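Here are the chains, one letter per residue:
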Amino acid sequence: MKIKHTTARFALGAIVLAGLGLSLPGAAWAHARISPAVSLAGKLQLFSLAVPTEKSGAVTTKLVMTVPAGFGIDSFVPPPPGWHQQVQNTGSGENAVVTRVTWTGGHTPTGEDSLFQFLAQPSSAKTYTFQVQQTYSDGSIVNWAGSESSPAPAPTIEAKSSLGGGGVSAVSIVALILGALGLLAGGFALVSRGSGERTLA
């Protein structure tokens, strides 16, 4: 799966950040998470990884996300200033599958989130569990890979086959609708930007 144009990634990222308020302090959540927590299987959607810096006197300098099988990442929003991204794939070209992503070089202070975004598509209806390794400036490491009741639970999302039945909550439906609107609005932004660039030329 190939990484798309930077313009597209910026537009999509900006739309969803504005609409969902994902740049909240880490203290408000106190754990690593993938948003939205509910998605439609087989549909391309913008997701966000947010990892809080909880340790006092240290900053987050590195994050490694292991991608579960069947969760296909298509492209990435450029990381925040100061952060560098390295993607590990299996296969090549159109058949490349992202298996691990490493972000380094940043300095996220205590009480704030490290936030990264990507377009992805869950292949089937099930729960996807991610593993995230967080490294602090003092060398300490937090592995967000535990159970839901553990001190460092692994981020998960639930992919649904449809919105009908299955006990889908109102909150889940709202998350799915906002995700779809974010993609639609991002498309309009790209069309508008492209028209402006042609006019200036």
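Just so you know, the residues in each chain are numbered from 1, in the order the chain's sequence is written. For this predicted model, a pLDDT threshold of at least 70 governs which residues receive local features, and a threshold of 80 or more governs which side-chain atom pairs are given and counted, while totals over whole chains, interfaces and linings are taken from all residues. The basis for every side-chain value is the complete set of non-hydrogen atoms in the structure, without hydrogens or water.

A.B. asks: Looking at this structure, I do not really get the overall build of the protein. What am I missing?
C.D. replies: Helix numbers and strand numbers start at the N terminus; a helix is a DSSP run of H or I with at least 4 residues, a strand a run of E with at least 2. A count of helical and extended segments in the protein gives two helices and 12 strands. Listing the helices and strands of the protein from first to last along the sequence gives α-β-β-β-β-β-β-β-β-β-β-β-β-α. Per-residue burial over the protein gives 38% buried out of 201 residues. Across the protein, contacts joining residues at least 24 apart in sequence account for 72% of those joining residues at least 6 apart. Per-residue accessibility takes into account occlusion by the displayed protein chains alone, with areas from the Shrake-Rupley method and a 1.4 Å probe. Total accessible area on the protein stands at roughly 10,200 Å², and carbon and sulfur atoms take up 59% of it. Type-normalised accessible area, obtained with a 1.4 Å probe on protein chains alone, sets the label of each residue: buried when under 20%, exposed when over 50%, and partly exposed for intermediate values. Residue contacts are counted whenever heavy atoms from the two residues lie within 4.5 Å of one another.

A.B. asks: Would you mind going over the sheet that holds strand S12 (residues 156-160) with me for this structure?
C.D. replies: Hydrogen bonds along the backbone pair up the strands of a sheet, which may run parallel or antiparallel. Paired strands, as defined in this entry, are two strands with at least two bridges between them according to DSSP. As summarised here, the arrangement of the three strands in space is S2-S12-S9, forming an open sheet in which the pairing is mixed. Looking along the sheet, the strands with just one partner apiece sit at the ends: strand S2 (38-40) and strand S9 (127-129). This sheet shows a mean twist of 30° between the axes of neighbouring strands, independent of strand direction. In the sheet, S9 pairs with S12 via three bridges, with the strands oriented antiparallel. Its bridge partner lying in S12, Tyr 128 is registered against Ile 157. A fitted line through C-alpha atoms serves as each axis, taken over the contacting stretch for helices, and the angle formed by two N-to-C directions is quoted from 0 to 180°.

A.B. asks: Looking at this model, I keep getting lost on the pattern of salt bridges. Mind explaining?
C.D. replies: Any two side chains of opposite charge can pair, given that their charged atoms come close. The term salt bridge refers to a side-chain nitrogen of Lys or Arg lying within 4 Å of a carboxyl oxygen of Asp or Glu. Under the criterion given, the structure shown has three salt bridges. We note a salt bridge from Arg 33 to Asp 113, for which the minimum N-O separation is 2.6 Å. With Arg 33 in strand S1 (residues 33-35) and Asp 113 in strand S8 (residues 113-122), this residue pair connects regions lying 80 residues apart in the sequence. A relative accessible area of 14% places Asp 113 in the buried class. Across the pair Asp 138 and Lys 55 runs a salt bridge, and its minimum N-O distance is 2.6 Å. With a gap of 83 residues between them, Asp 138 in the loop between strand S10 (131-136) and strand S11 (141-144) and Lys 55 in the loop between strand S3 (45-52) and strand S4 (60-66) connect regions that are remote in the sequence.

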